Amino acid sequence: MKILNTGMIAMTGLLSVGTASQQSAIAMEKAKTSNPNIIVFFCDDMGYGDIGTFGHPTIRTPNLDRMAEEGQRWTSFYAAAPVCTPSRAGLITGRLPIRSGMCSEKKRVLFPDSKGGLIPYEITIASMLKNAGYSTTCIGKWHLGDQPQFLPNAHGFDYYFGIPYSNDMDRVDGPDYHDACMHPKIDYFNVPLMRNPEVIERPADQNTITKRYTEEAIKFISQKRDNPFFLYLAHSMAHVPLFRSKDFANKSLRGIYGDVVEELDWSMGEILDKLRETGLDKNTLVIFTSDNGPWTIFNENGGSAGLLKGGKGSTYEGGMREPTIFWWPGKLKHTVIMDCASTLDLFPTFCSLADLKVPSDRIYDGYDLSPLMFGTGKSKRDVIFYSRDTEVFAVRKGDYKVHFKTQDGYGQDKPVIENPPLLYNINVDPSEKYNIAEKHPEVIAEMRKILERHQASVVQVENQLEK
Ligand code: MG
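Attention here is on the structure that accompanies the text.

### Considerations on the coordination of the magnesium ion
Logical step 1: Every protein donor of the magnesium ion is listed here as D44 (OD), D45 (OD), C84 (SG), D291 (OD), D291 (OD) and N292 (OD1), and their distances to the metal cover 2.1 to 2.7 Å.
Logical step 2: In this structure, the magnesium ion is coordinated by 6 donor atoms arranged in irregular fashion, with angles at the metal of 54 to 157°.
Logical step 3: In the primary sequence, the donor residues of the magnesium ion line up as D-D-x38-C-x206-D-N. With a gap of 248 residues between them, D44 in the loop between β1 (37-43) and α3 (62-70) and N292 in the loop between β9 (284-290) and α9 (317-320) connect regions that are remote in the sequence.

This is the structure we're talking about:
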């Protein structure tokens, strides 16, 4: 379905950015002196229970553990969706993927033959920060369209280096898909490695991909510049097929998945060390999180959601609640934050840190996290929508979560309509084991109203995943 007058809306979007650009001279001058650097370290398919500080017993993550000890562990932090493309669209735009056409019932994510992507109407974190004088770099998995008009360079990033979609795509002859992911070889996946719009290697040597992303990130951080920077480091790991460099092969008690996570931990260690070494740590916010939960159909090659139910693709907690750490020495006090937050909140939070106004010409789904981060108050967020593709299956408000529909992430053909809906106290029962619907019909009625209000706010737009 198409939105009316897409062209006009696209122009409005550009005008909005253009207007911000015209007004940005003062902001750019200010940015040079006071605005913080921002790094988002985004893992792929990592589960809630996959790092030491979130309870994994046999994966060693000393750098992330230290980061959490010095910074903040966020225990109710959600991705915008339970699969890659919609989750990333939500993070980078601050809007639920249904608003940008970046989710679909027919195709769950974008594929290499997809003609669609994140349209120019959408304003990204990078384009906002760039207008405020930031240097912007995207390293790693993009997955918001691999046609030139959708790539990071077209969406506010000065520089791009990475595999533009999932590392299990562009399959060539060989074992069937599942076997190829369980026993991977580089040649089974003919994925490109790009530098800006150019393909520089194909198939990408994924054995060294985590290492090379890290080297690119360090190079970017080390560049002498007189303005702040935004680094979006979206690692291709720990998405199957799993690869790691020689230094990490066969080292973890948790097998190859553990090797991969331990290399990601090393990557974060390199980045934090570089920030400390250069003194940039005092003026840099670093956020660690993941795009969706573990892909459990890949058995031991998939991660673990720990005590949470379900995994990637599902609207149970394990599909969308992510292990998350915020770090900014001297600015953020060490604590554990249990309040609800979402990757959707990063857009308004970064706008706030850069002294920018969130555009007023469209609906945003995030809230500024500054009060929570800085310990000065509460966030305005108390609702989480859990969508499977285009449909909201579950809603959380405060302590409670209602499932109107349920379905496994992968494997179960059809959803089950829950009638009456399932109700859990998600703080008392984070594993979603004990249905208390009978005790609280009034909570379910309230959730229905919240869902109806949300649905009424959604405008149909052209679907980008089905093109
Ligand atoms: Mg993913």
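That covers the picture; the talk isn't over yet.
### Looking at the packing of aromatic side chains
Logical step 1: Using the criterion set out here, one finds 20 aromatic pairs in the structure.
Logical step 2: Look at Y48 and F54: their rings are 5.1 Å apart centre to centre, the planes differ by 80°, and that puts the pair in the edge-to-face class. No difference in accessibility class separates Y48 from F54, as the two residues are buried.
Logical step 3: Joined through ring pairs, the aromatic side chains of F42, W142, F157, F230, Y232 and F350 make up one cluster.
Logical step 4: In this structure, R225 is placed above the aromatic ring of F220, and the distance from its NZ or CZ to the ring centre is 4.4 Å.
Logical step 5: Here the basic side chain of R362 rests over the ring of Y121, its NZ or CZ set 4.0 Å away from the ring centre.

### Focus on the pairing of strand β5 (residues 159-162)
Logical step 1: Alignment of strand β4 (residues 135-140) against β5, held across 3 bridges, turns out to be parallel. Along β5, the bridge assignment pairs C138 with Y160.
Logical step 2: With 2 bridges connecting them, β5 and strand β6 (residues 193-195) associate as antiparallel partners. Bridge pairing in β6 places F161 opposite R195.

### Overview of the sheet that holds strand β13 (residues 383-388)
Logical step 1: Taken together, the 4 strands give an open sheet; going across it, the order is β13-β14-β15-β16, and neighbouring strands pair in antiparallel fashion. Among the strands making up the open sheet, the edge pair consists of β13 and β16 (416-425). When the angles between neighbouring strand axes are averaged without regard to direction, this sheet yields 20°.
Logical step 2: The sheet contact formed by strand β14 (residues 391-397) and strand β15 (residues 400-406) spans 4 bridges and is antiparallel. Across the sheet, residue K397 finds its bridge partner in β15, namely Y400.
Logical step 3: Contacts from helix α12 (residues 441-456) reach β13, β14, β15 and β16 within the one sheet, and its direction differs from that of β14 by about 125°.

### Some remarks on helix α8 (residues 255-278)
Note: α-helices contain 3.6 residues per turn, so residues at a spacing of three or four share the same orientation.
Logical step 1: For α8, built from 24 residues, the straight-helix expectation of 34 Å at 1.5 Å per residue is met to within 8% by its first-to-last C-alpha distance of 35 Å.
Logical step 2: After α8 finishes, the residue G279 shows a positive phi value of roughly 75°.

### Examining the packing of α3 against α8
Logical step 1: α8 packs onto α3 with a crossing angle of 50° between their chain directions and a minimal axis gap of 7 Å. In terms of their interaxial angle, α3 and α8 are classed as oblique. Where α3 approaches α8, its residues P62, N63, L64, R66, M67 and E70 are matched on the opposing element by D265, W266, M268, G269, L272 and R276.
Logical step 2: The class makeup of the residues in the contact of α3 with α8 is 6 nonpolar, 2 polar and 4 charged.

Calculation rules
- Residues numbered from 1 in each chain as written.
- Predicted model: local features only at pLDDT ≥ 70, side-chain atom pairs only at ≥ 80, totals over all residues.
- Heavy atoms only, no water.
- Donors = N, O, S within 2.8 Å, 3.2 Å for Na, K, Ca; no water.
- Tetrahedral: all angles 85-135°; square planar, octahedral: opposite > 155°, others 65-115°.
- Helix = DSSP H or I, 4+ residues; strand = E, 2+ residues; numbered from the N terminus.
- Phe/Tyr/Trp six-rings, centres within 6.5 Å; stacked < 30°, edge-to-face > 60°.
- Buried < 20%, exposed > 50% of the residue type's maximum accessible area, 1.4 Å probe, protein only.
- Lys NZ or Arg CZ within 6 Å of the ring centre and 35° of its normal.
- Pairing = 2+ DSSP bridges.
- Axes fitted to C-alpha atoms, helices over the stretch in contact; angles between N-to-C directions.
- Contact = heavy atoms within 4.5 Å.
- Expected span 1.5 Å × (residues − 1).
- Parallel < 35°, antiparallel > 145°, perpendicular 65-115°, else oblique.
- Nonpolar A, V, L, I, M, F, W, Y, C, P; charged D, E, K, R; others polar.

Scope: geometric values only; no functional claims are made or implied.
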